[in-house]
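Okay, here's what each chain looks like letter by letter:
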Amino acid sequence: MYPGAETPEARQGCVRFSGQVEYQRRRDVVAVPVDAVLPTPSGPVVYRRSLTGTAAIAVATGARHLESVEIVSGLAAGAVVSRRDLGAATEGS
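As a starting point, this report considers the structure included with it.

1. Some remarks on the overall build of the chain
No. 1: Helices and strands together make up the secondary structure of the chain, namely 2 helices and 6 strands.
No. 2: Listed by position from the N terminus, the elements making up the chain come as α-β-β-β-β-β-β-α.
No. 3: Counting only residues that meet the buried cut, the chain has 20% of its 93 residues in that class.
No. 4: Summing over all exposed atoms, the chain offers an accessible surface of approximately 7,500 Å²; the carbon and sulfur share of this is 52%.

2. Details of the pattern of salt bridges
No. 1: With the rule as written, the count across this model stands at 1 salt bridge.
No. 2: When the shortest N-O distance is used, the salt bridge between R83 and D35 registers 3.7 Å. Taken together, the residues R83 in the loop between strand 6 (80-81) and helix 2 (86-91) and D35 in the loop between strand 1 (30-33) and strand 2 (45-50) connect sequence positions 48 residues apart.
No. 3: You can call R83 exposed: its relative accessible area is 54%.
No. 4: Accessibility expressed as a relative area gives 39% for D35, which makes it partly exposed.

3. A short note on the sheet that holds strand 6
No. 1: Spatially, 3-2-6 is the arrangement adopted by the 3 strands of the open sheet, whose pairing is antiparallel. The open sheet is flanked by strand 3 (53-58) and strand 6, the only strands paired with a single partner.
No. 2: Judged from the 2 bridges that link them, strand 2 and strand 6 form a sheet pairing that is antiparallel. What sits directly across from R48, in strand 6, is V81.

4. Structural notes on the pairing of strand 2
No. 1: Looking at chain direction, strand 2 and strand 3 are connected through 6 bridges and run antiparallel. In the strand pairing of strand 3, S50 is matched with G53.

5. Quick look at the environment of S50
No. 1: Tracing the chain through its elements places S50 in strand 2.
No. 2: For S50, the side chain forms a polar contact with the side chain of T52, separated by 3.2 Å.

Conventions used here
- Residues numbered from 1 in each chain as written.
- Predicted model: local features only at pLDDT ≥ 70, side-chain atom pairs only at ≥ 80, totals over all residues.
- Heavy atoms only, no water.
- Helix = DSSP H or I, 4+ residues; strand = E, 2+ residues; numbered from the N terminus.
- Buried < 20%, exposed > 50% of the residue type's maximum accessible area, 1.4 Å probe, protein only.
- Areas by Shrake-Rupley, 256 points an atom, 1.4 Å probe, with all protein chains shown as cover.
- Salt bridge = Lys/Arg side-chain N within 4 Å of Asp/Glu carboxyl O.
- Pairing = 2+ DSSP bridges.
- Polar contact = N/O pair within 3.5 Å; in protein donor to acceptor, adjacent residues only side chain to side chain.

Structure representation (structure tokens):
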């Protein structure tokens, strides 16, 4: 118990709050899930999916969030990316 918080009115100042604070909102950025950006010796890549297959695309990353990463260059808005390393499946073949 907090000292001096014996009454309900006094305890109101002791209420804990859990939430998220948004400190910046960015518009017109390309963002992908964190697990779609894969580290390689030559830098980060994403596997872009298309009608003809997939391709490893080198990207430059920007701001990072718990669930997403901003892509500064290398990937256009609307591109479909894979969340797994498709190169690993073909390297062992």
